[in-house]
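For reference, the chains in residue letters:
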Amino acid sequence: MTIRELREKAMKLPLTPGVYLMKDKTGEIIYIGKAKALKNRVSQYFGSDKNHPEKVRQMVKNVDRFDYILCGSEFEALVLECSLIKQHQPKYNILLKDDKGYSYIRVSNDAWKKLEFVMQKAEDGAEYLGPYMSAWYAKNAVDEAKKIFRLPSCGKTFPRDIGKGRPCLNYHIKQCNAPCCGRVSQQEYNESVSAAVEFLKKGGSDTIKIMTEKMEKAAEQLDFELAAKLRDRITAVKKVTEKQKVVAVSAGEQDAVAVMTENGDACFAVIRFSDGRLYDKEDFLIARIGDNADLPAARQEFLLQYYEMRGKIPPVITLDGAVEDEVLVLERLSELRGKKVRFACPKKGEKHDILEMCRKNAAERLAQSHDHLGQELSALEELARLLGLEKQPVFIESYDISNLMGTENVAGMVVFKNGRPFKEAYRRFRIRGFDGQDDYASMQEVLTRRFEEYFKNKDSGEGFGQLPDLILLDGGKGQVSAVRPVLEQFGLTIPLFGMVKDGSHRTRAITDEGREIAITSKRQAFTLVSSIQDEVHRFAIGYHRQARSKKAFSSSLTEIDGIGEKRAKALLSYFKTVKRIKEADIEELMQVKGMTRPAAEAIYRFYRVESGE
């Protein structure tokens with residue numbers, strides 16, 4: 001069916017709640033959605049696509065027909081939608097893959113016991129602790145136990161590898177007793193393994209109580225070496241316990257859910273707490289999610305699928321943004337839990353800090369999938385929120401003007417891609433529209449020339465043929481006001497801001513034509529903007545110094561008989577540096593285009609004979 005035919009069919013739908021199923025030419029379901037009023041919702045897909053995100057446009061292109069199911073209420077439609085998505089796994093819905101299985105902690109039955117994290121239980125005579133639903137928790141528990149009881153974390157096998165090498169770094173930082181070098185006996189080693197297993201079984205408080213009793217008994221029997229060893233273990237357990245408490249002192253039972261997006265892809269991160277302690281962490285990469293405007297709908301899909309998949313639902317779910325049909329989603333989650341569930345979206349305090357930790361985890365995972373650092377992605381996300389941008393600025397262009405009392409008027413343009421300097425896209429401009437000092441007119445000229453080049457090269461999509469997601473000018477409101485008409489002249493709607501410095505020449509705010517936005521409290525955004533401002537200033541002033549140096553030397557060349565502006569420029573172009581011209585002999589000077597022997601001899605005399613060399 002054509003788009004027109006699909007719209008005509010959609011306009012005949014009833015104004016009642018229901019679920020719609022979009023299908024392609026083969027009859028495969030590619031998207032499932034719910035609606036409060038089927039006619040209104042479905043007809044939107046087949047009208048103008050100007051306000052549709054890219055994901056929806058792609059989906060509509062593949063729709064050949066659609067079916068629908070009427071429901072008694074919007075909540076009934078929501079429940080049916082979740083069930084059908086789980087059953088059919090449509091291409092354009094968010095689909096969570098549950099690859100999470102049970103995990104175990106294995107204690108080998110060897111002469112020298114070994115403690116390790118494993119994903120499966122085997123019939124091999126070993127002792128297995130578990131199962132654990134959280135692989136993250138089990139793995140971290142093993143790592144902490146090894147550090148506390150100074151067990152090796154390397155792959156060496158004992159007694160085979162004893163005496164075959166020197167102690168590693170873990171021994172020197174007191175995280176391993178170095179059994180590989182014979183520093184502990186087999187009995188002492190296995191006692192440490194047994195103590196680690198007790199710690200994993202009983203937890204920190206019980207372990208501290210047992211070890212305290214043993215320490216006091218050892219002290220009474222004058223076994224001070226054992227007492228000191230137990231004291232160190234107690235200290236290590238306390239440190240681990242305190243570190244876990246610091247993560248969420250009053251978090252209680254709750255989940256934190258945050259999402260980060262980049263180039264249409266997203267990562268949802270979930271951090272789970274019980275009794276004030278973090279016990280699980282998960283993240284899910286999702287492709288083709290759209291831009292930030294689509295996040296409320298994405299959160300709805302994610303939350304419903306995640307908690308249907310996991311089952312355990314806390315009383316509080318802390319979120320980093322709005323959820324589409326929030327009342328219906330809460331009603332469904334409360335039904336699944338059997339008790340009331342509520343959402344929280346804190347702006348400050350401990351829960352906000354937990355949410356930021358969750359966002360950083362999502363940013364890091366997404367950045368790894370796109371091959372760059374999560375810290376940079378977090379800074380871009382923070383900057384986008386601060387400036388009210390619709391999406392993260394992948395390409396940022398920044399401009400600065402440099403001159404000395406109106407002489408050698410130049411500009412520098414730097415580009416940051418994904419939060420990093422993209423030096424192959426840097427450009428330099430010599431101001432040629434006028435003489436004298438006028439930073440506003442200079443900035444207008446530079447941006448005009450830049451966008452003239454865009455329209456010449458836009459088909460290539462490279463270099464000047466690509467538009468930035470954000471423009472930052474080194475200057476205040478005046479610079480922004482000067483450049484705004486240039487963007488309007490070319491019909492471009494690129495976010496434009498100025499970077500304002502304080503009296504110490506440090507970045508303090510970002511400005512547009514009507515307001516200043518303080519960024520000093522936003523650490524990651526502040527660091528990024530400061531780096532951009534420092535880099536564009538360095539680049540522009542470096543070009544200015546180079547231009548001044550060339551002009552000064554060119555002027556000194558013209559003092560030589562027979563050397564005018566043209567020959568001076570040819571010499572500079574050929575030899576590149578002052579030093580090389582001074583060191584050149586007459587025959588080398590003759591190689592320069594337009595150079596005569598008398599002129600070459602004059603240069604030679606000027607720098608060698610007349611200077612006394």
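Check the entry above for the structure.
Thresholds applied
- Chains are numbered independently. Their residues run from 1 in the order of the written sequence.
- Only residues with pLDDT of at least 70 are given local features in this predicted model, and only at 80 or more are side-chain atom pairs given and counted; all residues enter the totals for whole chains, interfaces and linings.
- For side-chain calculations, the full set of non-hydrogen atoms in the structure is used, while hydrogens and water are omitted.
- For helices, the fitted axis covers only the stretch in contact; all axes are lines through C-alpha atoms, and the angles between them, taken along N-to-C directions, range from 0 to 180 degrees.
- Helix and strand definitions follow DSSP, with helices as H or I runs of at least four residues and strands as E runs of at least two, each counted in order from the N terminus.
- Small angles under 35 degrees read as roughly parallel and large ones over 145 as roughly antiparallel, with 65 to 115 read as roughly perpendicular and the rest as oblique.
- It is the rotation of the near helix from the far one that decides the hand of a crossing: anticlockwise by less than a right angle makes it left-handed, clockwise makes it right-handed.
- Should any heavy atoms of two residues lie within 4.5 Å, those residues are counted as being in contact.
- Residue classes follow a fixed rule: Ala, Val, Leu, Ile, Met, Phe, Trp, Tyr, Cys and Pro count as nonpolar, while Asp, Glu, Lys and Arg count as charged, and any other residue, Gly among them, counts as polar.
- To estimate the expected span of a helix, subtract one from its residue number and multiply by 1.5 Å.
- Paired strands, as defined in this entry, are two strands with at least two bridges between them according to DSSP.
- In this scheme, a residue with accessible area under 20% of its type's maximum is buried, one over 50% is exposed, and one in between is partly exposed, where area comes from a 1.4 Å probe on protein chains only.
- The rule is short: rings of Phe, Tyr and Trp, with Trp giving its six-membered ring, pair when the centres are within 6.5 Å, and they are stacked under 30 degrees, edge-to-face over 60, tilted in between.

As a packed pair, helix α4 (residues 74-88) and helix α10 (residues 295-310) sit with axes 11 Å apart at the nearest point and diverge in direction by 70°. Judged by the inter-axis angle, α4 sits roughly perpendicular to α10. Note that α4 runs across α10; the crossing there is right-handed. Between α4, through Leu 78, Glu 81, Cys 82 and Ile 85, and α10, the contact on the second element is made entirely by Gln 300, Glu 301, Leu 304, Gln 305 and Glu 308. Here the contact of α4 with α10 is composed, by residue class, of four nonpolar, two polar and three charged.

What follows covers the packing of α4 against helix α11 (residues 326-337). It is the contact of α4 with α11, at a shortest axis distance of 10 Å, that shows an interaxial angle of 65°. The hand of the α4/α11 crossing is right-handed. Across from Glu 74, Phe 75, Leu 78 and Val 79 in α4, the residues of α11 making contact are Leu 328, Val 329, Glu 331, Arg 332 and Glu 335. Among the residues forming the contact of α4 with α11, the class breakdown is five nonpolar, no polar and four charged.

With that out of the way, let us pick up helix α15 (residues 477-490). Here α15 spans 21 Å end to end across 14 residues, near enough to the 20 Å set by a 1.5 Å rise per residue. Gly 491 occupies a position one or two residues after α15 and carries a positive phi of about 70°.

So, on to the sheet that holds strand β1 (residues 18-23). Pairing is antiparallel in the open sheet, where three strands are placed in the order β2-β1-β3. Two strands bound the open sheet, and with one partner strand each, they are β2 (29-35) and β3 (65-70). Mean inter-strand twist for the sheet, computed between neighbouring axes without regard to direction, equals 20°. Where β1 meets β3, six bridges bridge the pair, whose relative direction is antiparallel. Counterpart to Tyr 20 in the pairing with β3 is Tyr 68. Sheet strands in contact with helix α2 (residues 38-45) are β1, β2 and β3, and its direction is about 25° off that of β1.

Checked against the element boundaries, Leu 336 lands in helix α11. Look at Leu 336 and you get partly exposed, because its relative accessible area is 34%. Taking C-alpha positions, Leu 336 is 7.9 Å from Glu 308, a pair spaced 28 residues apart along the chain.

Before going further, it helps to examine unusual backbone geometry. Cis rather than trans, the peptide bond between Phe 158 and Pro 159 has omega equal to 10°. Positionally, Pro 159 belongs in the loop between α5 (135-148) and α6 (169-172). Even without being glycine, Gln 89 reaches a positive phi, approximately 50°. Checked against the element boundaries, Gln 89 lands in the loop between α4 and β4 (103-107).

As a further point, take the side chain of Ser 442. Its location among the elements puts Ser 442 in helix α14 (residues 439-457). Aside from chain neighbours lying at most four places away, what touches Ser 442 is Ile 401, Asn 409, Ile 431 and Phe 434.

Attention now goes to the sheet that holds β4. Note: strands within a sheet are paired through backbone hydrogen bonds, in either parallel or antiparallel orientation. Pairing in this open sheet of three strands is antiparallel, and the strands run β5-β4-β6 from one edge to the other. The open sheet has two free edges, formed respectively by β5 (115-118) and β6 (127-132), since each of these has just one partner strand. Strand-to-strand twist across the sheet, computed as the mean angle between neighbouring axes with direction ignored, equals 20°. Where β4 lies against β5, four bridges are found, and the strand directions are antiparallel. Among the inter-strand pairings, Val 107 is bridged to a residue of β5, identified as Leu 115. The strands touched by α5 within the sheet are β4, β5 and β6, with β5 carrying the most contacts at an inclination of about 170°. Packed on one face of the sheet, helix α7 (residues 186-202) meets β4, β5 and β6 and runs near 25° to β6.

Tallied over the entire structure, the rule returns 22 aromatic pairs. Between Phe 284 and Phe 302, the aromatic rings sit 5.7 Å apart at their centres with planes inclined by 65°, giving edge-to-face as the arrangement. In this pair, Phe 284 is assigned in strand β9 (residues 277-286) and Phe 302 in helix α10, connecting sequence segments 18 residues apart. According to the relative accessible area criterion, Phe 284 is buried, its value standing at 8%. Given the relative accessible area of 0%, Phe 302 is considered buried. Summarising the aromatic geometry, the rings of Phe 429 and Phe 464 are spaced 6.4 Å apart at their centres and angled 40° between planes, so their arrangement reads as tilted. Here Phe 429, found in strand β15 (residues 427-430), pairs with Phe 464, found in the loop between α14 and β16 (470-474); they are 35 residues apart in sequence, far enough to count as distant. Like Phe 429, the residue Phe 464 is buried in the burial classification.

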